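For reference, the chains in residue letters:
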Amino acid sequence: GYRHRARLYGGPVSGHWRLGSIHAEGEQIVPFSSCPLLAPQLNQLTLQVAKAIEERDARVTNMELAWSSVDGHGGVFITMDAAIRSLAQALAEFQVENHELKSVVIHGQSGELRRYGDDTLMYPHQRADSFALRFAPGMFTHANPEVNDLLIGALLERVGDVQNTRLLELYAGIGNMSVPLAKAGAQVTAMESDERTAVFLERNAYSAGVEMECLPH
């Protein structure tokens, strides 16, 4: 299966600020052109957003793009060590014009934050008929949803009957493992350190109809 999220880093290349991956043998940026592991829609969206940023020579240090095959939309979370006003306006206009880009979130210097659009996306998984998992770009989710399904299936098969079994998951994220285990009857305590991700974890557990203790890590 394809990856549903991509992370690019920014840095100088031949006198221009470019976005791409970090070379394995050093800190040099390898500009992004294409990645066969990404979902095709995400691949194209990544190219478009990177181009829009590079044309403005904006000092973006890293950005994460996520794509939801359920929604047919994507979103981007950007971090930069500079004032974000000019880039924020440009990407807000880009987001309005590009219907596949559902949201733009930019985190700048001194904690400045701009958010355009609803950044909530649906995480695709094979148990979606029973419960939904929501996330936002910048939150940890397994990059390959199909592999994630295989991991959860193998885990449930390995542990067997978990009815009333007490389980603890550290770094639980949005609950992609905790929620299925709770649905299978386990008494789950899930711990997550990121405050906003923890909110999504609790909401996903609630919408799945399971009681699960969610604690800060």
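Residues numbered from 1 in each chain as written. Predicted model: local features only at pLDDT ≥ 70, side-chain atom pairs only at ≥ 80, totals over all residues. Heavy atoms only, no water.

Here we take up the packing of aromatic side chains. Within this structure, the stated rule accounts for one aromatic pair. Judged by centre distance (6.0 Å) and plane angle (85°), the ring pair of Tyr123 and Phe135 falls under edge-to-face. In this pair, Tyr123 is assigned in the loop between strand 8 (121-122) and strand 9 (134-135) and Phe135 in strand 9, connecting sequence segments 12 residues apart. Judged by its relative accessible area of 2%, Tyr123 is buried. Phe135 sits in the buried class, given a relative accessible area of 1%. Over the aromatic face of Phe200 sits the side chain of Arg203, whose NZ or CZ is 6.0 Å from the ring centroid. (Phe/Tyr/Trp six-rings, centres within 6.5 Å; stacked < 30°, edge-to-face > 60°. Helix = DSSP H or I, 4+ residues; strand = E, 2+ residues; numbered from the N terminus. Buried < 20%, exposed > 50% of the residue type's maximum accessible area, 1.4 Å probe, protein only. Lys NZ or Arg CZ within 6 Å of the ring centre and 35° of its normal.)

A positive phi angle is found at Ser14, which is not glycine, with a value near 55°. In this structure, Tyr171 takes a positive phi of about 55° despite not being glycine.

This part is about the packing of helix 1 (residues 40-54) against helix 2 (residues 85-97). Two elements in contact, helix 1 and helix 2, have axes separated by 10 Å at closest approach and are oriented at 145°. Considering only the axes of helix 1 and helix 2, their crossing is right-handed. Between helix 1 and helix 2, the residues in contact are Gln48, Val49, Ala52 and Ile53 and Leu87, Leu91 and Phe94, respectively. Its residues assigned to classes, the contact of helix 1 with helix 2 comprises six nonpolar, one polar and no charged. (Axes fitted to C-alpha atoms, helices over the stretch in contact; angles between N-to-C directions. Left-handed = near helix turned anticlockwise from the far one by under 90°. Contact = heavy atoms within 4.5 Å. Nonpolar A, V, L, I, M, F, W, Y, C, P; charged D, E, K, R; others polar.)

Okay, the sheet that holds strand 10 (residues 166-169) next. Strand-to-strand pairing in sheets goes through backbone hydrogen bonds, with the strands running parallel or antiparallel. As summarised here, the arrangement of the three strands in space is 10-11-12, forming an open sheet in which the pairing is parallel. The outermost strands of the open sheet, each flanked by one partner alone, are strand 10 and strand 12 (213-216). Between one strand axis and the next, the sheet turns by 20° as a mean value, whatever way the strands run. Packing of helix 5 (residues 195-207) onto the sheet brings it into contact with strand 11 (187-192) and strand 12, and relative to strand 11 it is tilted by some 160°. (Pairing = 2+ DSSP bridges.)

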